[in-house]
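Observations on chain architecture
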Protein chains: 2
Amino acid sequence: MSTLITNVGELVTNAAPGDEPGRGPGSFAALTGAALIIDDGRVAWTGPAGQAPAADEVVDCEGRAVLPGFVDSHAHLVFAGERSAEFAARMAGRPYRAGGIRSTVAATRAAPDEVLRANLARLTREMLVQGTTTLECKSGYGLTGPDEARAVALAAEVTPEVTFLGAHVVPPEYEGDRAGYLDLVCGPMLSACAPHARWVDVFCERGAFDADEAAAVLAAGRAAGLLPRVHANQLGPGPGVQVAVAAGAASADHCTYLSDADVDALASSGTVATLLPGVEFSTRQPYPDARRLLAAGVTVALATDCNPGSCFTSSMPLCVALAVREMRMTTQEAVWAATAGGARALRRTDVGHLGVGARADLILLDGPSHAYLAYRPGVPLVRAVWRAGQRVTAPVLDDGQ
Amino acid sequence: MSTLITNVGELVTNAAPGDEPGRGPGSFAALTGAALIIDDGRVAWTGPAGQAPAADEVVDCEGRAVLPGFVDSHAHLVFAGERSAEFAARMAGRPYRAGGIRSTVAATRAAPDEVLRANLARLTREMLVQGTTTLECKSGYGLTGPDEARAVALAAEVTPEVTFLGAHVVPPEYEGDRAGYLDLVCGPMLSACAPHARWVDVFCERGAFDADEAAAVLAAGRAAGLLPRVHANQLGPGPGVQVAVAAGAASADHCTYLSDADVDALASSGTVATLLPGVEFSTRQPYPDARRLLAAGVTVALATDCNPGSCFTSSMPLCVALAVREMRMTTQEAVWAATAGGARALRRTDVGHLGVGARADLILLDGPSHAYLAYRPGVPLVRAVWRAGQRVTAPVLDDGQ
């Protein structure tokens with residue numbers, strides 16, 4: 001069955017006619033007074049509304065904007081427990097003991113599968129109704145072989161973009177034996193996780209894993225068939241970006257504390273800089289310098305980093321608004337980064353744009369242009385969502401039935 | 001019919017047993033493991049879930065939090081047109097001509113009633129599904145007798161908290177004749193508007209109206225039976241707060257640039273300081289110093305200022321998150337300010353709390369505590385809303401029917 005989406009005020013395509021999606025320096029592109037045809041789950045045609053071919057079904061957008069579904073390329077959704085008290089203490093400048101990632105690791109290990117699965121389902125559903133049609137999901141709160149294997153297997157139930165993050169932190173039981181933990185991560189834990197994952201990730205930061213350790217984790221992951229990505233330069237200057245670029249990582253994530261050499265390395269590589277402004281909003285850490293990266297020609301993506309500790313938003317619209325307000329990205333740059341940029345960070349060419357042949361992942365916005373995501377911050381503007389051509393039908397607000 | 005709302009993880013009441021709501025220095029109060037009975041549109045009982053009396057209908061909250069509906073005491077919703085291009089230019093640091101309030105005034109004057117009414121209905125609906133069960137609505141984009149009268153009459157169709165704001169700015173056609181415009185505002189325009197309004201407001205700021213002009217507008221409004229409120233000290237130091245306190249205003253709104261004398265005046269008066277952090281988010285102006293006000297004992301409210309120019313959010317949840325992140329209010333202070341504080345700013349004792357006898361305006365939150373509004377910024381957490389005991393049933397996300 002084909003669907004004509006017509007009377008679109010602004011159709012954000014991120015694709016020019018003749019573009020080969022996913023190649024070359026992409027940029028925001030949009031049509032006004034446009035229409036789009038979905039056929040067999042794919043974008044079959046885009047162009048002026050008056051020239052649209054016929055279709056089996058017609059959706060009149062009444063001048064509203066249509067965007068590609070968001071691609072959230074960084075999320076930690078396999079966990080149990082919550083840390084709202086730690087958050088409230090941090091915001092109030094009060095000390096808080098017994099918080100941190102360890103509390104999430106303990107809760108996650110203790111949780112039965114069905115609890116983790118239900119939490120994951122709730123969060124991915126919440127993301128979907130906010131317009132996220134592609135998401136990456138990391139392990140990293142298990143930190144034993146069986147717990148990490150369980151995490152990636154659960155993540156694989158909801159997305160193909162599964163990341164093995166055994167090298168998140170050294171767990172308490174290995175505190176005196178870093179080498180032993182790295183042997184576990186690069187050995188039996190990796191073997192147990194690799195069949196369920198596409199990516200390997202490492203938190204390369206003072207207090208987590210250094211350059212040599214990170215490179216070893218990525219090399220082991222590669223040998224097991226996984227593609228690399230890196231948590232880099234979030235909390236201070238460090239080797240993360242250089243490790244990522246040297247490993248050919250698809251993305252270096254966070255990128256707050258960068259040297260000129262780091263920026264140059266990103267600009268001259270295929271490694272995307274993924275910025276996560278929800279983290280800075282939720283921790284009061286400084287925002288990354290998006291303009292410096294963009295000026296240097298670095299490809300920038302935006303993602304949520306949704307996790308119970310440093311940032312528990314699942315909202316790509318909020319990340320777009322924060323990118324505009326706090327990182328001075330233009331509304332076009334921010335929307336591109338949240339869609340096509342995320343796709344680059346996942347090495348995907350089928351999502352993040354609405355060129356012909358793309359997967360028909362669409363957001364109908366309650367406003368005439370993409371700029372409304374920043375112009376109307378916090379407002380639930382996502383009016384309808386299609387994923388692979390299928391309309392998502394659940395209401396956000398309970399309908400009382 | 002009575003309804004039992006039970007298994008509430010955290011029931012925010014803003015009322016202690018024996019409290020006389022709306023009197024004395026109020027503060028956040030909550031019960032855990034609680035229940036609430038709605039009867040005839042009012043709160044009939046609150047207490048431990050295990051002790052709840054029977055009711056005709058039962059709603060199981062499954063451990064989620066229930067809050068009083070938000071009271072948004074400052075919004076400009078009667079307008080036509082939009083200013084997203086002006087917003088995008090401001091965020092990008094680009095000059096922008098022909099924007100500003102004058103463009104909204106021109107569009108509003110030119111719009112037929114049904115356009116204004118539809119926009120108003122859309123925005124109030126959007127607010128309701130985000131948990132705003134009481135809202136104030138100002139005129140101020142008409143600035144002729146008939147256009148202001150039309151605005152307050154339309155506003156009165158959606159809320160009793162209607163504010164006459166003829167003294168928003170001096171319109172272009174009176175540029176050389178301020179005295180003439182003030183005569184109009186305090187004379188025929190006020191006479192035409194007063195029957196539809198409860199409040200009179202004035203923008204007391206350099207470039208708008210000075211202390212004498214503002215006092216004259218408030219005095220005329222009072223003589224016509226309206227209660228005063230003031231836009232004060234938003235863009236720079238000035239007499240706004242002192243004018244507000246001297247007039248016995250219910251609220252001085254914005255309050256960014258305050259002298260010690262201004263803070264003292266607020267603390268020793270019944271005038272609430274209403275803070276509007278969505279404006280600072282959308283303009284990059286400095287946030288008001290909420291902690292200074294709270295430390296001095298000033299009653300603080302939070303509101304959206306929803307308008308097409310300086311802040312087009314309608315989201316009280318975002319305002320709570322911004323108050324916590326940017327103004328260092330605790331989550332309790334912010335939620336109190338967005339509910340009971342707003343009620344104080346409108347001199348209402350029936351809303352903003354869930355003491356026995358209050359109007360049954362409730363929000364069911366998708367999280368176990370009020371802190372989730374800040375812990376999960378941008379996420380549409382409002383799962384259900386009751387206004388005067390009636391459940392609101394429209395979905396935010398179009399259900400495709």
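The structure under discussion appears in the preceding block.
A brief report on the enclosed structure follows. (Residues numbered from 1 in each chain as written. Chains lettered and ligands numbered in written order. Predicted model: local features only at pLDDT ≥ 70, side-chain atom pairs only at ≥ 80, totals over all residues. Heavy atoms only, no water.)

When helices and strands are counted, chain A shows 13 helices and 16 strands. At 21 Å, chain A has a C-alpha radius of gyration in line with the 21 Å of a compact globule built from 401 residues. Each principal axis of the C-alpha distribution contributes one length, and for chain A these read about 70 × 55 × 45 Å. The contacts in chain A between residues at least 6 apart in sequence include a share of 72% that link residues at least 24 apart. For chain A, the accessible surface area stands at approximately 13,600 Å², while carbon and sulfur atoms represent 51% of it. The distance from the centre of the 32 positive side-chain charges to the centre of the 43 negative ones in chain A is 3 Å. (Helix = DSSP H or I, 4+ residues; strand = E, 2+ residues; numbered from the N terminus. Rg over C-alpha atoms; globule rule 2.2 N^0.38 Å. Contact = heavy atoms within 4.5 Å. Areas by Shrake-Rupley, 256 points an atom, 1.4 Å probe, with all protein chains shown as cover. Lys, Arg positive; Asp, Glu negative; His and termini not counted. Charge placed at Lys NZ, Arg CZ, Asp CG, Glu CD.)

Each partner contributes to the interface: chain A provides 55 residues, whereas chain B provides 55 residues. Between chain A and chain B, the buried area comes to about 4,800 Å², and carbon and sulfur atoms account for 59% of it. Along the contact surface separating chain A from chain B lie two salt bridges. Of the charged contacts in the structure, one is a salt bridge between Glu126(A) and Arg376(B), with a shortest N-O distance of 2.7 Å. Across the chain A-chain B interface, the total number found is 20 residue pairs in polar contact (both at pLDDT 80 or more). Looking at the side of chain A that touches chain B, the elements that each hand over two or more residues are α1 (84-92), α3 (113-129), α9 (277-283), α11 (316-327), α13 (372-375), β15 (382-387) and β16 (390-392) of chain A. (Buried area = accessible area lost by both parts, 1.4 Å probe. Salt bridge = Lys/Arg side-chain N within 4 Å of Asp/Glu carboxyl O. Polar contact = N/O pair within 3.5 Å; in protein donor to acceptor, adjacent residues only side chain to side chain.)

Residue and element names in this part refer to chain A. Scanning the model with the defined rule gives zero disulfides over all chains in all. Cysteine cysteine 306 is unpaired, with the sulfur of cysteine 311 as its nearest cysteine sulfur at 6.8 Å. On the basis of relative accessibility, which here comes to 0%, the residue cysteine 306 falls in the buried class. (Disulfide = S-S within 2.5 Å. Buried < 20%, exposed > 50% of the residue type's maximum accessible area, 1.4 Å probe, protein only.)

A separate point is the packing of aromatic side chains. The full count for this structure, using the stated rule, is 12 aromatic pairs over all chains. Measuring from ring centre to ring centre gives 5.1 Å for Tyr375(A) and Phe312(B), while their planes differ by 65 degrees; the resulting arrangement is edge-to-face. Of this pair, Tyr375(A) sits in helix α13 while Phe312(B) is found in the loop between β13 (300-302) and α11 (316-327), placing the two residues in two different chains. Phe312(B) shares its class with Tyr375(A); the two are buried. Here the aromatic rings of Tyr372(B) and Tyr375(B) are separated by 5.0 Å at their centres, their planes lie at 85 degrees, and the arrangement is edge-to-face. Residue Tyr372(B) and its partner Tyr375(B) are both found in helix α13 (residues 372-375); the two are separated by three residues, about one turn of the helix. By relative accessible area, which is 5% here, Tyr372(B) ends up buried. On the basis of relative accessibility, which here comes to 1%, the residue Tyr375(B) falls in the buried class. Three or more aromatic residues joined by ring pairs form one cluster here, namely Phe79(A), Phe87(A), Tyr141(A), Phe312(A), Tyr372(B) and Tyr375(B). We note Arg229(A) situated over the ring of Trp199(A); from NZ or CZ to the ring centre the distance is 4.4 Å. (Phe/Tyr/Trp six-rings, centres within 6.5 Å; stacked < 30°, edge-to-face > 60°. Lys NZ or Arg CZ within 6 Å of the ring centre and 35° of its normal.)

Further remarks concern the pattern of salt bridges. Under the definition given, this model contains 44 salt bridges over all chains. Between Arg83(A) and Glu86(A) there is a salt bridge whose closest N-O contact spans 2.8 Å. For Glu86(A), a relative accessible area of 12% corresponds to the buried category. For the salt bridge of Lys138(B) with Asp201(B), the shortest nitrogen-to-oxygen distance reads 2.8 Å. Here the residue Lys138(B) occupies a position in strand β7 (residues 132-138), and Asp201(B) occupies one in strand β9 (residues 199-204), the gap between them amounting to 63 residues. Connected via shared salt-bridge partners are Glu62(A), Arg64(A), Asp366(A) and Arg383(A).

Keep in mind that these numbers describe shape and distance, not what the molecule does.
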